Structures are given as structure tokens and as C-alpha cells.
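Here is what each chain is made of, one letter per residue.
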Amino acid sequence: MQDFTALIRAVADFPTPGVMFRDVTPLLADAGAFARCIDALAEPWQGRGVQAVCGIEARGFIFGAALAQKLHAGFVPLRKPGKLPPPVVTVDYQLEYGSDRLQAQAGAIGPGERALLVDDVLATGGTLAAAAALVGKLGAELLGASVVIELPALQGRVRWQGGAPLYSLLRC
Ligand code: 5GP
């Protein structure tokens, strides 16, 4: 598998002190590496009948839209609150301090449609778990999820439930 580690910048104390932020913009700026990254994200899903790629705001939009094209699937944005016009479907979820919510356009995915979740980073796993709940609320069939980077120290995979596959390209 392609190793993109050199194109992920680790930024200490961003956005808050104590956090090591993984910056994917150098990877996006490298045409060849970005293309190989999309190929690698697509690889386990080829021939699996993905109908909708659901990308999580904001960097999940970038990887997800490219992946949707690669898989000949539609793209569905899962957004922060207040960004999508009504009617929307909403899921609330807990953060370390406080809560957040994700929304999708009602009817964006048809009942039983086969959906794939995509994001750039799996950290504590709360966001991806909320996205999975949102896809379920829309009535779609969740095939699984792919992320570019998994941070195993934060054990986000523990919050991924239901048995659908969760793939990551890099663990750091
Ligand atoms: P979690 O809910 O798993 O703690 O956080 C994952 C969400 O926060 C993802 O949507 C991801 O974009 C963002 N995120 C958390 N940590 C990082 C990071 O180090 N780098 C980037 N690029 N995004 C992060």
C-alpha cells in the first residue's frame, strides 16, 4: 500500500494546546499522491455496489467527492448544523467537552441505498459514529467507512459498532 506519511504534517498545539493536529493539505497539493490516495481509498470498495459516498464536513468532502467519482457513486455531504436548507435529518453527539451535531439533507439517500462514509481523520471516533447513526436515520444501508488517517492512541475504532468494515490508509 502507498505510504503517504511524508505528506501528512504533524502540527503541535493546534487548534488548542496539547493537540497534535494532522494536516493533510500537503497530500492534497501533490497531484500524484492525491490520486494514489483516492485509488487506495477506493480499492476495498470496488465492485461492492456503493451508491452514495457520504463525506463528513469539511475535509471528508474533498476525499469523499473524489472517491464518489472513482466509484461512480453519488456524493452526499454530512454537514455541521445550520449549513443545509430544510428539511434536514439531525444527529446529536457528545464531544469531550460539550456536544455537536451533524445534518444531512432529508431524502439525500434513498431507503436501502448502499452508503459509504468517508473522512480524513479518525480520532476519538465520535464524529464517524454520529455519521453512521445519521446514515441509519436516513434509512440507508451502511456498507462501511474509510478514513485516510487513524490515530490508534485515541481508540476511535472502539466507538465504531455494528460490524461494517472500517478501513484506514495510515495509522500514526
Ligand atoms: P473524532 O470525532 O474522531 O474525535 O474527530 C474526527 C473529526 O475531527 C474528523 O472530522 C476530522 O476531520 C477532525 N479531526 C480530528 N483530529 C484531526 C486531526 O488531527 N487532523 C485533521 N485533519 N482532522 C482532525
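By the naming in an unreviewed UniProt entry, the protein chain goes by Adenine phosphoribosyltransferase and is assigned to Rhodanobacter denitrificans. Annotation of the protein chain in UniProt includes, under Pathway (unreviewed entry), the sentence "Purine metabolism; AMP biosynthesis via salvage pathway; AMP from adenine: step 1/1."

## Some details on the overall build of the protein chain
Helices and strands together make up the secondary structure of the protein chain, namely four helices and nine strands. The secondary structure elements of the protein chain, listed N-terminal to C-terminal, are β-β-α-α-β-α-β-β-β-β-α-β-β. For the protein chain, the C-alpha radius of gyration of 15 Å lies close to 16 Å, the compact-globule estimate for 172 residues. Principal-axis analysis of the C-alpha atoms gives the protein chain an extent of 40 × 40 × 30 Å. Burial status across the protein chain gives 41% buried among its 172 residues. Put simply, 57% of the contacts in the protein chain that link residues at least 6 apart link residues at least 24 apart. Carbon and sulfur atoms make up 54% of the accessible area of the protein chain, which amounts to about 8,500 Å² in all. When the 15 positive and 15 negative side-chain charges of the protein chain are each reduced to one mean point, those points stand 2 Å apart.

## Quick notes on the environment of glutamate 150
Of note, glutamate 150 is situated in strand β8 (residues 141-150). In sequence terms glutamate 150 and arginine 171 are 21 residues apart; their C-alpha atoms lie 4.8 Å from each other. Side-chain polar atoms of glutamate 150 contact the side chain of arginine 157, separated by 3.0 Å.

## Examining the sheet that holds strand β9 (residues 166-171)
Where strands meet in a sheet, backbone hydrogen bonds hold them as pairs that are either parallel or antiparallel. Sheet architecture is open: five strands sit in the order β4-β3-β7-β8-β9, paired in parallel fashion. The open sheet is flanked by β4 (74-78) and β9, the only strands paired with a single partner. If you compare each strand with its neighbour and ignore which way they point, the axes differ by 20° on average. In the sheet, β8 pairs with β9 via five bridges, with the strands oriented parallel.

## Let's talk about the nonpolar core
Counting 27 residues, the largest nonpolar core has Cys54, Leu78, Ile109, Leu117, Leu128 and Trp160 as its most contacted members. Where this core is concerned, the elements lending two or more residues are β3 (52-56), β4, β5 (88-94), β6 (99-105), β7 (114-122), α4 (126-137) and β8. Take this core: its biggest share by element is six residues, from α4. Setting aside residues up to four positions removed in sequence, isoleucine 109 forms contacts with Ala52, Cys54, Val76, Ala115, Leu138 and Ala140. Residues Trp45, Leu143, Val148 and Leu151 belong to the second largest nonpolar core, which totals 26 residues.

## Describing the site of the ligand
In the vicinity of the ligand, the contacting residues are Met20, Phe21, Arg22, Arg59, Asp119, Asp120, Val121, Ala123, Thr124, Gly125, Gly126 and Thr127. Between the ligand and the protein, one listed contact pairs an oxygen atom with a backbone N or O atom of alanine 123 at 2.9 Å. Separating an oxygen atom of the ligand from a backbone N or O atom of glycine 126 is a distance of 3.4 Å. Burial of the ligand by the protein amounts to 84% of the accessible area it has alone, namely 500 Å². Listing elements by their share of the shell around the ligand, those giving two or more residues are β2 (20-23), β7 and α4. Tallied by class, the residues present in the shell around the ligand amount to four nonpolar, four polar and four charged.

## A short note on the UniProt feature "domain: Phosphoribosyltransferase" (unreviewed entry) in the protein chain
As recorded in UniProt, the feature "domain: Phosphoribosyltransferase" (unreviewed entry) lies at residues 49-156. Strand forms 40% of residues 49-156 and helix 22%; the C-alpha atoms that close the span are 26 Å apart.

Reading the values: the criteria
- Residues numbered from 1 in each chain as written.
- Predicted model: local features only at pLDDT ≥ 70, side-chain atom pairs only at ≥ 80, totals over all residues.
- Heavy atoms only, no water.
- UniProt positions renumbered as here; feature names shortened; annotations may be inferred.
- Helix = DSSP H or I, 4+ residues; strand = E, 2+ residues; numbered from the N terminus.
- Rg over C-alpha atoms; globule rule 2.2 N^0.38 Å.
- Buried < 20%, exposed > 50% of the residue type's maximum accessible area, 1.4 Å probe, protein only.
- Contact = heavy atoms within 4.5 Å.
- Areas by Shrake-Rupley, 256 points an atom, 1.4 Å probe, with all protein chains shown as cover.
- Lys, Arg positive; Asp, Glu negative; His and termini not counted.
- Charge placed at Lys NZ, Arg CZ, Asp CG, Glu CD.
- Polar contact = N/O pair within 3.5 Å; in protein donor to acceptor, adjacent residues only side chain to side chain.
- Pairing = 2+ DSSP bridges.
- Axes fitted to C-alpha atoms, helices over the stretch in contact; angles between N-to-C directions.
- Core = buried A, V, L, I, M, F, W, Y, C linked by side-chain atoms within 4.5 Å.
- Near = heavy atom within 4 Å.
- Nonpolar A, V, L, I, M, F, W, Y, C, P; charged D, E, K, R; others polar.

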